[in-house]
Amino acid sequence: MEKSQRDIVVAIVLAILIIVVLVVFALLIFLTFIKRKRLLEREQELMKIQFAEELLKSQLEIQEQTLRNISHEIHDNIGQILSLVALNLNLLKSPDVDRLNSTTNLVEKAINDLRTLSKILNPEQILKVGLKEALEVELQHLEKSGKFSVDMQVDAGFREPNAEKTIILYRMAQEVLNNIIKHAEANHVYVQLSKNEDCFTIVIGDNGKGFDTCVNHTSGIGHQNLHKRASMINTEVKVISSPGSGTEIAFKLF
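Residues numbered from 1 in each chain as written. Predicted model: local features only at pLDDT ≥ 70, side-chain atom pairs only at ≥ 80, totals over all residues. Heavy atoms only, no water.

Caption draft 1: Seen up close, the pattern of salt bridges. Tallied over the entire structure, the rule returns three salt bridges. The closest approach of N and O atoms between K132 and E136, which form a salt bridge, is 3.0 Å. Here E136 and K132 lie together in helix 3 (residues 123–144), a separation of four residues that amounts to about one turn. Note that E175 is salt-bridged to R229, the shortest N-O span being 3.1 Å. Taken together, the positions of E175 in helix 4 (residues 163–184) and R229 in helix 5 (residues 221–232) put the pair 54 residues apart, joining distant regions of the chain. (Salt bridge = Lys/Arg side-chain N within 4 Å of Asp/Glu carboxyl O. Helix = DSSP H or I, 4+ residues; strand = E, 2+ residues; numbered from the N terminus.)

Shown next as structure tokens:
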């Protein structure tokens, strides 16, 4: 009888120990879950802050680039056109239909150039006109410089990305175009926009000197900025180049 009672006590004690162990184990799992959840929430909040900072940085860089474009455009194109208009007006001492028509055309061209500049005056305008038209304006600037021929192809299925991604993608494209101007020694630049079921793709290429992709060309600040921005909007950056064969950079947004 005593042995039976002892067995019952032992069984109860073992049951209590098992329950305590299970409770402690469950508590540890719960605390670990809470800790990981809070860590994930902090990481998500940090990513939101970083994304907002990068978006603001991109907007400021776009504004700086736009101001540079405006300065060059006013100096090289619009100022010259308006000077010719003033000269023609001074020469209009008597009715001259041909000269009057020429002056009218110059004024219209100056107005159109100013409208083109206004389309990329700030990020809000870029969102209004869309990524496609904003890139078209960038190519127009290159073409007007007289140093580049340009080409742009847009697939029929192309759809504009959302606002935040548009700003960052546009800034990434600007950075690539600036690198072409500074380093590529090219005379032709092309842009391709496409979209399929899996991803949206921007391709920017040139016919410049190219480089060996096996050599580490990704350590520069420009490439680091591209990859940093790309990672924030779930975008893959692919570089295709070889010496003497130009360069092609593709942004694939998933």
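Further notes follow.
Caption draft 2: Local environment of the environment of A173. In this structure, A173 sits in helix 4. A relative accessible area of 0% means that A173 is categorised as buried. For the pair A173 and V203, spaced 30 residues apart in sequence, the C-alpha separation works out to 9.1 Å. Other than its neighbours up to four places away in sequence, A173 contacts L135, I204 and F251. (Buried < 20%, exposed > 50% of the residue type's maximum accessible area, 1.4 Å probe, protein only. Contact = heavy atoms within 4.5 Å.)

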